[in-house]
Amino acid sequence: MTETTKTVYMCFSSDVIHGGHTSIIQKAAELGELTIGMLTDEVVASYRRFPVLQYAERVKILESIKGVHKVVPQKTLSYADNLRMLEPDCVVHGDDWVTGFQKPIREEVIEVLKEYGGNLVEYPYSQNEEYKKLELSQQEQLSMPDVRRARLKQLLDMKSLVTVIEAHSGITGLIAEKTIVLQDGKTYQFDAMWCSSLCDSTSKGKPDIELLDMSTRFRTVDEIMDVTTKPIIIDADTGGLTEHFVYNIRTLERMGVSAIIIEDKTGLKKNSLFGTEVEQTQDSLENFCTKLSAGKAALKTKYFLLIARVESLILDKGMDDALTRAFAYVNAGASGIMIHSRKKDPAEIFEFCEKFRVKDQVTPLVVVPTSFNTVTEDEFARRGVNIIIYANQLTRSGFPAMQKVAETILLNHRAKEADDMCMPIQQILTLIPADY
Ligand code: SPV
Ligand code: MG
């Protein structure tokens with residue numbers, strides 16, 4: 001084979017193209033005919049952050065750069081499929097993946113290249129401060145209200161299932177924002193955050209009875225927003241009086257929240273997981289529809305989702321009641337339905353999803369699998385669920401850990417014995433970015 005017929009492969013995810021990128025592209029192009037594997041939007045969102053420019057735009061930009069022969073989609077963070085299909089003579093990458101998160105991806109590339117005799121060429125990674133600032137400014141864009149608000153709907157259009165974790169403070173927001181794992185060549189992170197009434201109340205030492213006023217709830221949302229970029233779904237309990245709800249929903253929309261969920265209960269709200277053990281009253285279908293329609297009419301953008309939560313199964317009112325209400329709520333203006341259950345057995349949730357999907361294939365379905373927690377995300381997706389909310393796990397894990405540490409210090413009259421239960425100071429320091 002002559003030099004000029006060599007083929008070269010690079011993978012790209014960036015939506016900001018800077019000099020560092022073009023210079024590595026030029027170097028790669030000098031080695032042979034260059035194909036770029038462009039990570040799809042879904043992979044970029046799960047690996048780095050939601051792409052400011054979407055796949056088709058990113059492809060157009062890369063195609064117009066001198067030295068790029070063609071751009072193909074790369075559908076996983078792993079290069080393996082594309083490398084086995086294209087068998088390029090070499091893969092080019094910056095040397096920033098020798099350590100850290102992408103190390104296993106690099107090792108797999110080396111293994112696959114060995115299978116057919118390709119080689120890996122690495123160039124020193126550019127540490128240019130200006131490029132870092134550019135990336136940070138993209139990140140900041142994502143936290144702006146208009147951009148953030150639209151993201152939940154964009155995610156729902158992009159992937160069949162969106163995963164959401166509870167956040168009730170800046171620090172839990174950062175955990176929701178930054179936690180990422182690599183498994184079998186794929187990366188996973190949560191798509192959005194749930195501002196739970198249970199966890200917001202618990203973190204303030206109050207019961208979950210709609211006791212925190214809306215200004216307090218807004219303050220929690222704002223605290224989370226201040227340090228994160230991911231979309232937020234707020235649990236607004238019953239939504240309160242319709243006359244108040246229409247104001248509050250607009251405030252949340254203006255703040256950049258992506259969705260509100262209100263439940264069809266009335267009077268003193270109690271947590272759903274109490275079920276019928278405590279007195280809980282379901283709102284009439286008519287009243288709740290009126291509230292939903294009024295809320296919908298108050299909205300200013302097409303991106304904010306008003307999701308109705310059906311409590312019929314929680315309150316033992318039966319499947320027919322749950323379905324009748326769900327369809328009525330969609331007709332009244334709900335842009336999504338949350339169906340809740342406190343049973344360990346997911347059968348009633350599955351039955352609801354199946355029967356709902358016979359008539360309605362488009363309205364997003366939301367579940368909160370606190371009790372029916374054995375069901376995997378894949379199975380929920382197969383059954384027509386679009387949003388899974390892990391509603392309270394950070395609260396339920398965090399506070400017992402603190403309690404145990406407090407007890408350990410009291411029992412030992414010093415802190416040494418508790419040290420192994422604590423996150424190293426270094427990790428806390430890196431969790432919170434220095435430039436914030
Ligand atoms: C919450 O997280 O506050 C919820 C979900 O409303 S549940 O606690 O299951 O009712
Ligand atoms: Mg709640």
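Residues numbered from 1 in each chain as written. Chains lettered and ligands numbered in written order. Predicted model: local features only at pLDDT ≥ 70, side-chain atom pairs only at ≥ 80, totals over all residues. Heavy atoms only, no water.

**Q** Teacher, can you tell me more about the sheet that holds strand β6 (residues 162–166) here?
**A** One closed barrel accounts for eight strands, arranged β6-β9-β10-β11-β14-β15-β16-β17; its pairing is parallel. Across the sheet, the mean angle separating the axes of adjacent strands is 25° when strand polarity is ignored. In terms of strand pairing, strand β16 (residues 365–367) meets strand β17 (residues 387–390) through two bridges, oriented parallel. For V366, the partnering residue across the bridge sits in β17 and is I387. Of the strands in this sheet, β10 (232–235), β11 (259–263) and β14 (305–310) touch helix α11 (residues 242–255), which is tilted by about 150° from β11. Against the sheet, helix α14 (residues 347–359) touches β15 (336–339) and β16, its axis set at about 175° to β16. (Pairing = 2+ DSSP bridges. Helix = DSSP H or I, 4+ residues; strand = E, 2+ residues; numbered from the N terminus. Axes fitted to C-alpha atoms, helices over the stretch in contact; angles between N-to-C directions. Contact = heavy atoms within 4.5 Å.)

**Q** Looking at this model, I keep getting lost on the packing of helix α6 (residues 129–143) against helix α7 (residues 145–158). Mind explaining?
**A** Describing two packed helices takes the angle between their axes plus the distance from one axis to the other. As a packed pair, α6 and α7 sit with axes 5 Å apart at the nearest point and diverge in direction by 70°. Judged on the interaxial angle alone, α7 and α6 are roughly perpendicular. The segment α6 lies against α7, with Q141, L142 and S143 engaging P145, V147, R148 and R151. The class makeup of the residues in the contact of α6 with α7 is three nonpolar, two polar and two charged. (Parallel < 35°, antiparallel > 145°, perpendicular 65-115°, else oblique. Nonpolar A, V, L, I, M, F, W, Y, C, P; charged D, E, K, R; others polar.)

**Q** Can you walk me through the domain arrangement of the chain in this structure?
**A** Quoted interface sizes are often the accessible area lost when the parts come together. Along its sequence, the chain is carved into domain 1 (7–132), domain 2 (144–391) and domain 3 (397–429). The C-alpha-based centres of domain 1 and domain 2 are spaced at 37 Å. Of the residues lining the interface, 15 residues belong to domain 1; the matching set on domain 2 comes to 13 residues. Here domain 1 packs against domain 2, burying approximately 1,200 Å² in sum over the two surfaces, 67% of which is carbon and sulfur. Three residues stand out in domain 1 for area buried against domain 2, namely S46, F50 and F101, and they jointly supply 49% of the buried area on that side. Applying the counting criterion to the domain 1 and domain 2 interface returns zero salt bridges. Linking domain 1 with domain 2 are five residue pairs in polar contact (both at pLDDT 80 or more). Contributions of two or more residues to the side of domain 1 that touches domain 2 are made by α2 (41–47) and α5 (103–116). Here the element with the most residues in the side of domain 1 that touches domain 2 is α2; it accounts for six residues. (Domains from an automatic or database assignment. Buried area = accessible area lost by both parts, 1.4 Å probe. Salt bridge = Lys/Arg side-chain N within 4 Å of Asp/Glu carboxyl O. Polar contact = N/O pair within 3.5 Å; in protein donor to acceptor, adjacent residues only side chain to side chain.)

**Q** What is the right way to read the packing of helix α10 (residues 214–227) against α11 from this model?
**A** Two numbers describe how α10 lies on α11: the axes approach to 11 Å, and their chain directions differ by 10°. If you check the angle between α10 and α11, you find them roughly parallel. Residues M214, F218, V221, D222 and M225 of α10 lie in contact with α11, whose contacting residues are N248, T251, L252 and M255. For the contact of α10 with α11, a count of residues per class yields six nonpolar, two polar and one charged.

**Q** Sorry, what's going on with the packing of aromatic side chains here?
**A** The relative placement of two aromatic rings is captured by the distance of their centres and the angle of their planes. Applying the stated rule across the entire model yields eight aromatic pairs. Ring geometry for Y79 against W97: centres 5.6 Å apart, planes inclined by 40°, an arrangement best described as tilted. In this pair, Y79 is assigned in the loop between β3 (68–74) and α4 (80–86) and W97 in the loop between β4 (90–94) and α5, connecting sequence segments 18 residues apart. You can call Y79 buried: its relative accessible area is 2%. Taking the relative accessible area as the measure of exposure, W97 reaches 0% and is therefore buried. An angle of 15° between the planes, with centres 5.7 Å apart, marks the rings of F352 and F356 as stacked. With F352 and F356 both in helix α14 and four residues apart, the pair spans about one turn of that helix. Like F352, the residue F356 is buried in the burial classification. (Phe/Tyr/Trp six-rings, centres within 6.5 Å; stacked < 30°, edge-to-face > 60°. Buried < 20%, exposed > 50% of the residue type's maximum accessible area, 1.4 Å probe, protein only.)

**Q** I'm lost on the site of ligand 1 in this one. Help?
**A** Residues in contact with ligand 1, as listed here, are W194, S196, S197, L198, D235, N271, S272, L273, R309, H340 and A391. Here an oxygen atom of ligand 1 and a side-chain polar atom of S196 are 2.8 Å apart. Between ligand 1 and N271, the relevant distance is 2.9 Å, taken from an oxygen atom to a side-chain nitrogen or oxygen of the residue. Relative to its unbound accessible area of 280 Å², ligand 1 is 99% covered by the protein chains. Split into classes, the residues belonging to the shell around ligand 1 amount to four nonpolar, five polar and two charged. (Near = heavy atom within 4 Å. Areas by Shrake-Rupley, 256 points an atom, 1.4 Å probe, with all protein chains shown as cover.)

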